[in-house]
Every structure is written in C-alpha cells, then in structure tokens.
Amino acid sequence: MTDEQGVSLPARRATSADRRHSRLRKFAKWTGLTFLVGLLALVAAFFVAYSAIDIPSANSEALTQTTRVYYSDGKHLLGTFEVQNRESVPLSRVPDHVQAAVIAAEDQTFYDNPGLDVQGIVRAAWNNASTDSTQGASTITQQYVKVLYLTQERTWTRKVKEAFLSLKVQRQLSKNEILQGYLNTIYFGRGAYGVQAAAQAYFRQDVENLTIEQGAALAAILNSPANYDPREGRSARTALLARYRYVLDGMVEIGRLDATEADKVGRRLPEFPQVTRTDRFGGPQGYLLKLVEDELQRLDFTDADINGGGLAIITTLDYEDQMAAQKAVLDQQPDGLEQLNVALASIEPGTGALRAMYGGDDYVAKTKGAQINWALTGAQPGSSFKPFALIAGLREGFSLEDTVDGSSPYDLPGGDDIENQGDSGGTSFGPVSLLTATRESINTAYIDLTLQMKEGPDRIVEAAKDAGVPDAVMDAWGDPPAVVTPLGYERVPTVDMADAYATIAAKGEQADWFAVEKVSGPDGEVLYSHKVRTERAFSADIAADVSYALQQVVLSGTGTNADIRCPAAGKTGTATGVQRGRETVSSSWFVGYTPQLATAVTYTRGDGNDQLAGYLPTFYGGEYPARTWQAYMSSALSGEDCQSFPPPAFVDGPAGTPSVAPTTPPPPPPTTSATSPPTTAPTTTATTPPPSTPTPTPSTPSSTPPPTTPSPTPTPTPTPTPSPTTSPTTSPTPPPTTPTPIEPDG
C-alpha cells in the first residue's frame, strides 16, 4: 500500500466492521441465490402442475338440456323431461343489460382478469381472517369451471385445481364463450339451470324479453337462490331488495347503467308473477307424458336422450281436444265416487293419430293404482265388441237383413244358456234381422250369429285383430275363444277399441295408433318423423254396412244419449258376469265415431273388475259413457263441418237366412233399481232384400204392435263350441284378477 507520493505504507488490519459487512454480503448473496432458486422452483412447479392438470370431461348433468313435449300445434307445452331444467341459448339471445347485471353481481373485472382475481383473493382472505363474515372471490370463469368440470366439495385440492383449470380455460375460450357457458349452466333456484330456464321460472318470459329490473333481479338471486327467492316470504324479499340494489349500483360502477335510471328502478323489486309449484307428471297430463316417454323408448331413444337431450317433441295430441276430453269427464262423471275410473281415447281415422286421451285424474296421486292409465288398461268391452262379430258375419256371407234368433233365454251347445241383459233390457225378441240385433244390442241374436258361422269365435277374433286390436290382447281370449266372444268377456284397452272403430270409420283402412309425430334435436335437426302406414282390413262395402248399423244405435237404439249434430255411429257395452256366485257388472262402455274422429269411453271401478251395480246410479253403457262421449265429441267437432258416412252397400252372400215378416215386439222389460234401459220395442225388417243402391232409413218401432208372439226361426245346427272360459288378461299394466264372466252384455 502506498501514499500519494508513492511511499510504501504498512497494511491496514481488517476491522470487525469489515468482517461483519463481508458476512452480510455473503448472506445477501446466498439469500438471493436461494430466493432465486426457490422462485425458479416455484415457477417450475407451477408449470409442471399446470401442464399436469388436463381439462377433464364436462360433468354430464351440466351439459343436459330439458326435453320439451308439445301438443300437435307445436306451441302449447304438454310437459318436459329433464335431469336439470335447462334450455341452452346463444349469448346473442341474452340482452346486454342482463349480461351486465350478472357481471356486476359476480365478477366486475371479468373482461380484464385472466380467469383469476388475485386482488379479490387477497381481499377475501383478509376479510375472512379478520371478520366473522365469509367472502368469496371466485371469478365467473372459476364458477363456470367448478360447475362444468368439478364438484362442490370445499377442499384446498379442489380450489387449486379450480384455479389451474380457470387459467387453462381462459386461454382456450374467448370471454364471450365463457360468459355464454356460465349463463347456461349456473343454478338460479326453482329447479332452473341457466338464464333461459330462470326467466321462465321467475317471470314466465323468454330471456330476450327480460326488462332491466328483471335481469338485475335474476343476477341478484343467483348469488344465493335459497335466501333470495321472493316467494319464500318477507325476509327473503327484504334480503333480495338489498342484493338487487347492490347489482344496480355495480352496473353503474362498470359504466353499464345510468345512475338516474338505477335509482329509479331500484326503488322496488320487479313484480314476480304467481308460479304454482307442481309436479311435471301431476294431473291428467302425467299419463300423457308417460305415454310419450314409453313411445320414445320404443323408437330407440335412450333415457339420456329423453331426459337430457334437449329434444323438441311434437305429439299428435290436439290441445283443444284434450281440454275437451278432460272437461267432458269431469262434467259428466257422478261426484263423490273415489274408486271410479273413467278412460277416454280419441283417434283420427285413416292415420291412427291419437288426438286426446284421459287415463286418470292425477298420475302422482298418493292412492293405490294412481299410475295405472285406464285408457291403456281398459276393461271387458261387453257388447261394444259386437261390431267385430258383425264384420265377421258380413265377411262370411251374411247380410244386415239376415235373420238371427233373439230369443231369451237361448240354449247353448253343451246345456248352458244365455239371456239378454244390459241395454237390451232382458227382453226375448225372437227372430230379428242382424240390423235390429245391432241396434237393440241383443245378446242372444249375436250368439246365434256366432253359432251359424263356421268357427265363429275364431272369425270374430280375426276381425278384431284386423281392425286394430293387438294380437297380444286378443290371444289372451283363449284358444279356441269362447262362444260368447261377441259379448266381450276379456279385457281390451280403451285406446285399442277406439283405434279398431277408427278402421270402420276409415272405410276399412287400418292404421296403428301413435302419439309421437316428430322429434327434433336441440339444433333443430329432425331425428324422427312418423310415417302413416295403412292396410286394408276389410272391404269398404262391409265398413259402410257396419257404419249404417251403428248409426241406428245412436239414432234410435241403445245409444241415443250419444246423438250429436253430425252423423255418428257407435255401440254401447255393459259387461256383466258372475263372481263368487253373484252377478256383477264390471264395466260400462260407449265407443263411437264420425268420419273424422273415433272415440272410446270406459267406466270401471277399483281394480277394473269391481261391482258397478249399486255403485253407479246407472251402469248401462248408454248412460254415463254415452253422455261423456256426446259431451266430448260435441266440443271436439265444434266449428268443423259435418261429414257424411257412405251409403250402406247391403252386402249379401250365401250364408244366413232372409229376414222373416214383421213380428210382434215383446213387452218392455221390468223396471229395475238402476235407471231403466230403453223400452222401445224393435221390429224386424222386410223379407225382400233392398235394391243394390238404396237410400235406407232406420227402422222405427211400431207404436201399436199386434197381439201376436213371434216364434223363433229354425237355425242351422251348429258345431258345438266350448263354453266360455276365462283367460289371463293382457294390458300395459298388470291387471287385477278377472271374474268369470257368464253373460257380458251391452
């Protein structure tokens, strides 16, 4: 060491201060290196973790959309199928003020933050540590990620994963894509997922029609639906008002609402319409929704498709007809009969389209058998099954003018006998024409027709199948079927009877009934469209003759209570039998049609076989069922032009015996405890067959019958047919035990 002149000086000894500074420099150096290494390690760990966490598959429930079921007009909503009540909408359908309200309420830095709000996280952490309140700091992106990909568990692991996924999603999606996804997944309460479902649930509006007040209210509610739903009472409304004003102030703060406007709309909450809490399967519509669901499954749509696929389903059900059906049943059925089951099914002839169905009062009622759709289950049709015997007879060469024996009692092969009961009044008619036998619903005459045909019961079953009664239903009638087959001794679903009569109305063209017209996906793509397929069941001439005979039932026979302003044809049915040695009445029917609509009505009790006699004020098919049919059809056809039936062809063949000369009608039946059936005495038709193109009129009972008694016309000796036997009943719902019917009647 030298001085300024270059003279050497002795070396200076290091002081303790120098040594201390040296140690500090070394410490700082190593601390800096350690911090840098730690920081690099932390950054490396961050990137390793960021890279290691992949965006998982979205939660399936968060992607589901509500399937909507519509009436045939595509406008009236019948109901929905859903895992979560959601209808996803593009962001373009969400008004700007609704978007702004949600951002103001949930994430005011949404358009600036990278998916995480660091300042918000620090602020929330400090608030939660220093106060008793709990404050969240999740961005809209984080909330979207949590709903779409994660669970609701409150763990640090889930929160860390949420943060990393939020950063990744932020890099992959635009802000508008994130906001659109968020608005379609977030829960708003009242079972509504997404802003469109919420708009309907709270305001009965589509989202694009929401006002500023309504949008701000929904943005306030989504923060805590359980606490802010206004229908939960005064305290909830008070809490909602405070949150609502907070949202409006936030909209002002982010420059999306004028302060004067915010002050004006913030004075009170918007009006919330009354929304009734209902089960979507509740009431009569529940049976229709279950029917549609079952049909979709038969069309190979999966449960996931049906309940979460966002499908739009157009049914065949006519809104006005369905309302008419429900009103007719409620207006016509007697009050106070809790065990009463009323069913109605209405089919469009020529297409098979189901236009209305009533299967019960309430699908979700907490009563035994509430889920049984009686229109699908049906009952013993009684004499409403006779038209299939008439079809079989005409096919075999009989004509409406041929003679059958209407004597009562009538001896069956094997020693048993059968009597006229029900709507025919228990009268012994003697020889009558097949036309008269139909008009007056004469049991013994139809048994005589069956015995005159070769393998008559089989031919009747064959005719019923051809008309549209499913094979599985008719196979339950036994092999071979009983001689009393025309009297309807086994169960047939109400809707199948309507469909089979629709075949007659369609001039012999059969079309299977259906309820689903079209199915579209959420993007509007048509996934299914029904194609009508028809088959010739029997000739148009036979259909015309059957329609002519059934018109007489309505005009002057057992079904006069079904008379409407338009030409109508139909048949009564009252199923009687014996159960435990006691005579029973198990069901009461009227099935009829016009050229444009075929409808069946059934009245039963309890399990479908319980006693109606002494329960209904009157149990004949020409009473309550016919009046219900009349009320429904009058409304369903209101405003429509009446259509005419084709004239009868009076087909004739080698079978049968020409009609006898007019005979004396029998005396009227005795009065019973129930309402008496029609007492009009029938007359037989003339022996001379009509010309090939007649213009017939219904036969009119004689007002002053001569005092003579008819003698039965000899009938061919039939091949013995087994006595009636009971076969297991087939129906969509496992039926109750069926009594042993002896004398079903109409």
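Described below are features of the structure shown in this document.

Criteria and cut-off values
Residues numbered from 1 in each chain as written. Predicted model: local features only at pLDDT ≥ 70, side-chain atom pairs only at ≥ 80, totals over all residues. Heavy atoms only, no water. Helix = DSSP H or I, 4+ residues; strand = E, 2+ residues; numbered from the N terminus. Polar contact = N/O pair within 3.5 Å; in protein donor to acceptor, adjacent residues only side chain to side chain. Buried < 20%, exposed > 50% of the residue type's maximum accessible area, 1.4 Å probe, protein only. Pairing = 2+ DSSP bridges. Patch = residues over 30% accessible without salt bridge, like charges linked within 9 Å, V, L, I, M, F, W, Y side chains within 5 Å. Areas by Shrake-Rupley, 256 points an atom, 1.4 Å probe, with all protein chains shown as cover. Salt bridge = Lys/Arg side-chain N within 4 Å of Asp/Glu carboxyl O. Lys, Arg positive; Asp, Glu negative; His and termini not counted. Charge placed at Lys NZ, Arg CZ, Asp CG, Glu CD. Axes fitted to C-alpha atoms, helices over the stretch in contact; angles between N-to-C directions. Contact = heavy atoms within 4.5 Å. Left-handed = near helix turned anticlockwise from the far one by under 90°. Nonpolar A, V, L, I, M, F, W, Y, C, P; charged D, E, K, R; others polar. Core = buried A, V, L, I, M, F, W, Y, C linked by side-chain atoms within 4.5 Å. Disulfide = S-S within 2.5 Å.

1. Things to note about unusual backbone geometry
Residues apart from glycine generally show negative phi values, whereas peptide bonds are mostly found in trans.
Working step 1: Cis geometry marks the peptide bond from Ser-408 to Pro-409, where omega comes out at 5 degrees.
Working step 2: Tracing the backbone through its elements, the reader meets Pro-409 in the loop between β8 (403-405) and β9 (410-411).
Working step 3: With an omega of 0 degrees, the peptide bond running from Asp-479 to Pro-480 counts as cis.
Working step 4: Residue placement: Pro-480 occurs in the loop between α21 (471-475) and α22 (494-505).
Working step 5: Even without being glycine, Arg-204 reaches a positive phi, approximately 55 degrees.

2. A closer look at the side chain of Arg-86
Working step 1: Mapped onto the secondary structure, Arg-86 falls in the loop between β2 (77-81) and α3 (96-106).
Working step 2: A polar side-chain atom of Arg-86 sits 2.6 Å from a polar atom in the side chain of Gln-84.

3. Regarding the pairing of β2
Working step 1: Taking burial as the measure, the five residues of β2 include four buried ones, the bulk of the element.
Working step 2: Two strands pair when backbone bridges link them, and strand β1 (residues 67-70) and β2 are joined in this way by four bridges, in the antiparallel orientation. Bridged to Val-69 within β2 is Gly-79.
Working step 3: Linking two consecutive strands that pair antiparallel, namely β1 and β2, is a turn of six residues; a positive phi of about 75 degrees is found at Gly-74 within it.

4. Details of a negative patch on the surface
Working step 1: Taken together, the side chains of Asp-411, Asp-416, Asp-417, Glu-419 and Glu-583 make up a negatively charged region of the molecular surface.
Working step 2: With respect to the helices, strands and loops of the structure, Asp-411 is situated in strand β9.

5. Overview of the sheet that holds strand β13 (residues 516-520)
Working step 1: The strand order across the open sheet built from five strands is β2-β1-β5-β13-β14, with neighbouring strands paired in mixed fashion. Since the sheet does not close on itself, it has two edges, and those belong to β2 and β14 (526-529), each with one partner. Strand-to-strand twist of the sheet, defined as the mean angle between neighbouring strand axes without regard to direction, takes the value 15 degrees.
Working step 2: Packed onto the sheet, helix α13 (residues 285-298) meets β1, β2, β5 (312-315) and β13 and runs at close to 60 degrees relative to β2.

6. Remarks on the packing of α3 against helix α9 (residues 212-221)
Working step 1: Following both chains from N to C, one finds α3 and α9 inclined at 30 degrees, their axes separated by 8 Å at the closest point. In the packing of α3 onto α9, the handedness of the crossing is right-handed. Across the interface between the two elements, His-97, Val-98, Ala-101, Val-102, Ala-105 and Glu-106 from α3 touch Ile-212, Gly-215, Ala-216 and Ala-219 from α9.
Working step 2: Here the contact of α3 with α9 is built from residues that sort into seven nonpolar, two polar and one charged.

7. Details of the nonpolar core
Working step 1: Judged by nonpolar contacts, the single largest core of 98 residues is most densely connected at Leu-296, Phe-385, Phe-388, Ile-447, Met-497 and Tyr-593.
Working step 2: It is α22 that provides the largest number of residues to this core, a total of eight residues.
Working step 3: Setting aside its immediate chain neighbours within four residues, Tyr-593 contacts Tyr-501, Ile-504, Ala-505, Val-546, Ser-547, Leu-550, Pro-567, Ala-568, Ala-569, Ala-598, Trp-629 and Phe-645.

8. Regarding the state of the cysteines
Working step 1: The final tally for this structure, using the stated rule, is one disulfide.
Working step 2: In this model, Cys-566 is linked to Cys-642 through a disulfide, with the two sulfur atoms separated by 1.9 Å. Because the torsion about its S-S bond is -70 degrees, the bridge between Cys-566 and Cys-642 counts as left-handed. Of this pair, Cys-566 sits in the loop between α23 (540-556) and β16 (569-579) while Cys-642 sits in the segment after α24 (624-636), and the two are 76 residues apart along the sequence.

Nothing here speaks to function; it is all geometry.
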